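# Summary of the model geometry
As a plain string of letters, each chain reads:
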Amino acid sequence: MINFRTEEINRDHKIISNEYLTSVIDVHKTEPAFARRPLTTFLIEEFSKITSLNFGWAFTIINFFMLFIAGILICFVSLAAGHNQKEAVLSTVCFFLSFSVLFSFFRSNYSYDEPLQYIFIFIAFLGLLNKKWIISIIALSLAMITRESSVLLLPSVIFFLLPENKKFISYLNWRYLKKIIIISIPVFFHMVFLYFYLTYYEVGEKSKSDLLNRLYYFHFNFQNTDYAVESVTSLFFAIGLQLYLILWYVKDLENTFLEGRLIKSFIFALILNSVIVLLSTKARETRLFALPLVFIWPILGKVVLTEFRFIKTGIRNLNTWLSILFFLFLIFVGILISKYVYTPTEMNPDENFFHEYLGFTLVLISLHCLIRFLCEKKQKAANLPDAKK
């Protein structure tokens, strides 16, 4: 995307394609689907004016800088959630290694507003964890203005704020209802902003038409086998590995109460967001599926460390010819899936490392799953004599 070139665009093969990125910015100023998200475009244009850099360089610097800030904020959110420094730093590493971040500016991912959206969301989380409600309201309002998809996180945030007492009657107390009202204020601010912004720029009717046309995308995402496989693979790219690790973490009952709330909020947001993405957007744009990860990125460092310690000791069980052959078979299957089953519909596979990422992820999950299976089998065999007694 950044160095995009065709026979007409970026003929000089420059590292940053100013011509293409300028057209991207123009589209985000004129198309109704993007015009109602003005903050990132505003930052790029202002940075370009101040520094006299062209739009291509301004886009690149602003977005990479914002991703860097988002990574730092994840570290602070992790620390605020009670994790140690090592776990917090590793959470930041997990953020940068996530598919939607690592390949942010590759074709079919097309990140634009997401880095700024993440910044505001993590600032809002810091406000929630420290009970700074004004900060949370302002940050969530700005996140919704940056990308309206931030609204989808609100039900999960409300769930996160539920009282610890699980009785239904406790949910109806005034203290909790007041939190719901406070955390819902950003929706009102966002609606007011949209009304005045769309009215001023006279794109209200075009926006309505755009919303109605989005129902077509479900057919687009599943119009044939290649598109259907790409849509499902896109979901796996975004959350597959993280969801897999989280499920093992929960199974082992390693999570604290706060982590449990974040994980449940993630699951709830994942279901809601995935349905909406598949129904009303191009599912091959993987970044769209990644939004729910904001709830678990701050705890992934601890999750990965926990699993790493387990694998470090459990890999000794991978010492029989049968288990090694089975693992080699799983590697073969992973390579077949990544090379022949997944077929991108928009770009040439040589443009990116999507197939390699898919193959590596499948192999990693296969290795982890096999070691887990062998460890549990060994543990059951060790407990069997005790059970007979």
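Fair warning: this is a prediction, and the values are worked out from it, not measured in the lab.

Rules used throughout
- Residues numbered from 1 in each chain as written.
- Predicted model: local features only at pLDDT ≥ 70, side-chain atom pairs only at ≥ 80, totals over all residues.
- Heavy atoms only, no water.
- Axes fitted to C-alpha atoms, helices over the stretch in contact; angles between N-to-C directions.
- Helix = DSSP H or I, 4+ residues; strand = E, 2+ residues; numbered from the N terminus.
- Parallel < 35°, antiparallel > 145°, perpendicular 65-115°, else oblique.
- Left-handed = near helix turned anticlockwise from the far one by under 90°.
- Contact = heavy atoms within 4.5 Å.
- Salt bridge = Lys/Arg side-chain N within 4 Å of Asp/Glu carboxyl O.
- Buried < 20%, exposed > 50% of the residue type's maximum accessible area, 1.4 Å probe, protein only.

Turning to the packing of helix α7 (residues 114-129) against helix α8 (residues 133-146), a few remarks are in order. At their nearest, the axes of α7 and α8 sit 8 Å apart, and the two run at 160° to each other. By the angle between their axes, α7 is roughly antiparallel relative to α8. The way α7 lies across α8 gives a crossing that is left-handed. Taken together, the residues of α8 that come into contact with α7 (itself represented by Leu-116, Gln-117, Phe-120, Ile-121, Ile-123, Ala-124, Gly-127 and Leu-128) are Trp-133, Ile-135, Ser-136, Ala-139, Leu-140, Leu-142, Ala-143 and Thr-146.

What follows is about the pattern of salt bridges. In total, this model carries nine salt bridges according to the counting rule given. A salt bridge links Glu-45 to Lys-29, with the nearest nitrogen and oxygen atoms 2.7 Å apart. Residue Glu-45 is located in helix α3 (residues 39-51), and its partner Lys-29 is located in helix α1 (residues 18-30); the two are separated by 16 residues in the primary sequence. Classification of Glu-45 by relative accessible area gives buried; the value is 18%. On the basis of relative accessibility, which here comes to 45%, the residue Lys-29 falls in the partly exposed class. A salt bridge links Arg-36 to Glu-148; its shortest N-O distance comes to 3.5 Å. Of this pair, Arg-36 sits in the loop between α2 (32-35) and α3 while Glu-148 sits in the loop between α8 and α9 (154-160), and the two are 112 residues apart along the sequence. In this structure Arg-36 comes out as buried when scored by relative accessible area, which is 8%. Its relative accessible area of 22% is what places Glu-148 among the partly exposed residues. Through salt bridges with shared partners, one network takes in Glu-114, Arg-147, Glu-285 and Arg-287.

Structurally, Ala-228 can be placed in helix α13 (residues 225-251). A sequence separation of 55 residues divides Ala-228 from Ala-283, and the C-alpha atoms of the two residues are 9.2 Å apart. In this structure Ala-228 touches Asn-221 and Phe-222, once residues within four positions along its chain are discounted.

With that settled, consider the environment of Leu-293. Inspection of the secondary structure assignment puts Leu-293 in the loop between α14 (257-280) and α15 (300-314). Looking at Leu-293, the relative accessible area reads 0%, which means it is buried. Taking the C-alpha atoms as reference points, Leu-293 and Ser-265, separated by 28 residues in sequence, lie 9.9 Å from one another. Setting aside residues up to four positions removed in sequence, Leu-293 forms contacts with Ala-238, Ile-239, Gln-242 and Phe-266.

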